[in-house]
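Analysis of the macromolecular model
What follows is the residue order along each chain.
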Amino acid sequence: MTGKRRAAVTTSPGGALRFAPLRLRPPRADEVVVRLAGCGICHTDLSCRSGVAAGSILGHEGAGIVERVGNAVRAVQPGDAVVLSYHSCGRCAACLRRHPAGCEHFWRLNFDFQRLDGSSGYLPPLHGHFFGQSAFATHALANERNLVRVAGDLPLATLAPLGCGLQTGAGTVINSLNLQAGERLLILGVGAVGLAAVMAAKLRGAAAIVALDHQRQRLACAGELGATQTLSDVRQIAQLPALDAVIDTTGEHGVIQAAWQRLRRGGTLVLLTGGGVVKFSHDRRIISVIQGDAVPQQFIPYLIAQWRSGHFPFDRLLRFYPFGAINQALDAAQTGEAIKAVIRFD
Ligand SMILES: [Zn+2]
Ligand SMILES: [Zn+2]
């Protein structure tokens, strides 16, 4: 291990990140310090760049090696390879039902840059604890609950994006929709989340996997990964046969409305953007899904197994950037030039 601990922190709203020394307090009993090998860039990092205080450390698709553990940690030990995912409290009704994506403290633990009790393990002027990891840094102060131990011989920077975006897309198909062989699915927007849904729908043996996007490169990619039909114009939706399910990653009302018209009675529309309420009537279901309803410690190993057997080739979406080029990576994610940009730490 070489070099000093450092973090890429926010400056002005929406502005470039700058590097600052990373100073952490010692881990609490249930906390874990992870030396990062890689971190994916997710749309949420881009949107949060403008809404957070200067000095905030974003990044929530980390993977790395456990360096130090608190004295009550049992799930991992120093030297273990881990993928980091979203955080949850472990004590609320949803967590006790083994549905941590529905944790009643989800917002506070993942977006509030503090621990549940309001304290911080990051020394001022830094703000950390984003998704229980703040992984745009050489080291993350994580919690035992948001770590997934993985085999030590896997390329960790490649696995990093499984922790949020890919889990969300694939989990929506497999867990939330429980899509069945022979069903027809339309995916609105095929960035990394939508493409993960395409791959998962193929895994499930869907009869039709229709992808809509305005970027040709993404549609080509969707076709290679299993989409049976690609659409570049929202008006083409009207010609589709009745659909069993629609997954929206765009948040665009007009597109969602057009897709809703093609949904069969009893079909399901999934909203992944968590945005404004969309009002519809009748006997079709609208659900809003967080993190693909996945339990990371079960679902991420499942995705890794599918990847290793060639059925979830998500590595084809990745483009790597050194940590020093993080602003370039963020720009590439923003413009769509990279479907999934991943920071690599050396
Ligand atoms: Zn994310
Ligand atoms: Zn909880």
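Calculation notes
- Residues numbered from 1 in each chain as written.
- Chains lettered and ligands numbered in written order.
- Predicted model: local features only at pLDDT ≥ 70, side-chain atom pairs only at ≥ 80, totals over all residues.
- Heavy atoms only, no water.
- Phe/Tyr/Trp six-rings, centres within 6.5 Å; stacked < 30°, edge-to-face > 60°.
- Helix = DSSP H or I, 4+ residues; strand = E, 2+ residues; numbered from the N terminus.
- Buried < 20%, exposed > 50% of the residue type's maximum accessible area, 1.4 Å probe, protein only.
- Lys NZ or Arg CZ within 6 Å of the ring centre and 35° of its normal.
- 1 Å grid on protein atoms, 1.4 Å probe; cavity = no way out; pocket = protein on both sides within 12 Å on 5 of 7 lines; lining within 4 Å.
- Points joined across faces, edges and corners; volume = space filled by probe spheres on them.
- Nonpolar A, V, L, I, M, F, W, Y, C, P; charged D, E, K, R; others polar.
- Expected span 1.5 Å × (residues − 1).
- Contact = heavy atoms within 4.5 Å.
- Polar contact = N/O pair within 3.5 Å; in protein donor to acceptor, adjacent residues only side chain to side chain.
- Core = buried A, V, L, I, M, F, W, Y, C linked by side-chain atoms within 4.5 Å.
- Donors = N, O, S within 2.8 Å, 3.2 Å for Na, K, Ca; no water.
- Tetrahedral: all angles 85-135°; square planar, octahedral: opposite > 155°, others 65-115°.
- Pairing = 2+ DSSP bridges.
- Axes fitted to C-alpha atoms, helices over the stretch in contact; angles between N-to-C directions.

1. A short note on the packing of aromatic side chains
Inspection of the entire model under this criterion finds 12 aromatic pairs. Here the aromatic rings of Phe111 and Phe131 are separated by 5.0 Å at their centres, their planes lie at 70°, and the arrangement is edge-to-face. Separated by 20 residues along the polypeptide, Phe111 in helix α3 (residues 106-111) and Phe131 in the loop between α3 and β6 (139-143) bring together distant segments of the chain. Grouping residues by exposure puts Phe111 and Phe131 together as buried. With centroids separated by 5.5 Å and ring planes inclined at 55°, the aromatic side chains of Trp307 and Phe314 adopt a geometry described as tilted. Pairwise contacts between aromatic rings join Tyr86, Phe106, Trp107, Phe111, Phe113, Phe130 and Phe131 into one cluster. Across the ring face of Phe19, the terminal group of Arg6 is positioned such that the distance to the ring centre comes to 4.2 Å. If you follow Arg344 out to its NZ or CZ, it ends over the ring of Phe320, 4.1 Å from the centre.

2. Side note on the layout of surface pockets
Roughly 320 Å³ of internal volume is contained in the second largest pocket. Counting residues per element, the lining of the second largest pocket draws most heavily on β6, at three residues. Taken together, the residues of the lining of the second largest pocket break down into five nonpolar, six polar and seven charged.

3. Topic: helix α9 (residues 296-308)
Counted at 1.5 Å a residue, the expected span for α9 with its 13 residues is 18 Å, and the 18 Å between its end C-alpha atoms agrees. Turning to α9, the residues buried within the fold contact β5 (81-84), β7 (147-150), α4 (156-159), α5 (165-176) and α6 (192-203). Phi turns positive one or two residues past the end of α9, at Gly310, with a value near 85°.

4. Regarding the environment of Thr168
Here Thr168 lies in helix α5. When the C-alpha positions of Thr168 and Leu84 are compared, they lie 14 Å apart, and in sequence the two are 84 residues distant. Those residues in contact with Thr168, other than ones at most four positions away along the chain, are Val193, Leu272, Gln291 and Gly292.

5. Remarks on unusual backbone geometry
Residue Pro125 follows Pro124 across a cis peptide bond; omega there is 10°. Positionally, Pro125 belongs in the loop between α3 and β6. Phi angles above zero are rare outside glycine, and Gln291 is one such case at about 55°. Relative to the helices and strands, Gln291 resides in the loop between β13 (285-288) and α9. Phi angles above zero are rare outside glycine, and Asp293 is one such case at about 50°. Looking at where Asp293 falls in the secondary structure, it is placed in the loop between β13 and α9. A relative accessible area of 26% places Asp293 in the partly exposed class.

6. Side note on the side chain of Lys340
When you line up the elements, Lys340 lands in strand β15 (residues 340-344). On the accessibility criterion, Lys340 (3% relative accessible area) is buried. Side-chain polar atoms of Lys340 contact the backbone oxygen of Ile41, separated by 2.9 Å. A polar side-chain atom of Lys340 sits 3.0 Å from a polar atom in the side chain of Glu61.

7. Observations concerning the nonpolar core
Grouped together as the largest cluster of nonpolar side chains are 56 residues, with contacts concentrated most on Ile41, Ile57 and Phe136. Formed by 53 residues, the second largest nonpolar core is a distinct cluster that contains Val83, Leu154, Met199 and Leu219.

8. Side note on the coordination of the zinc ion (ligand 2)
Taken together, Cys89 (SG), Cys92 (SG), Cys95 (SG) and Cys103 (SG) make up the protein donors of the zinc ion (ligand 2), found 2.3 to 2.4 Å from the metal. Between the four donor atoms coordinating the zinc ion (ligand 2), the angles at the centre fall across 105 to 115°, so the site counts as tetrahedral.

9. Comments concerning the sheet that holds strand β9 (residues 208-212)
Two orientations exist for strands paired in a sheet by backbone hydrogen bonds: parallel and antiparallel. Read across the open sheet, the six strands follow the order β10-β9-β8-β11-β12-β13; overall the sheet is parallel. For this open sheet the edge positions go to β10 (229-231) and β13, each flanked by a neighbour on one side alone. Averaged over all adjacent pairs, the angle separating strand axes in this sheet is 15°, with direction ignored. When strand β11 (residues 243-248) meets strand β12 (residues 263-271), the two strands line up parallel, connected through five bridges. If you follow Ile247 over to β12, its bridge partner there is Val270.

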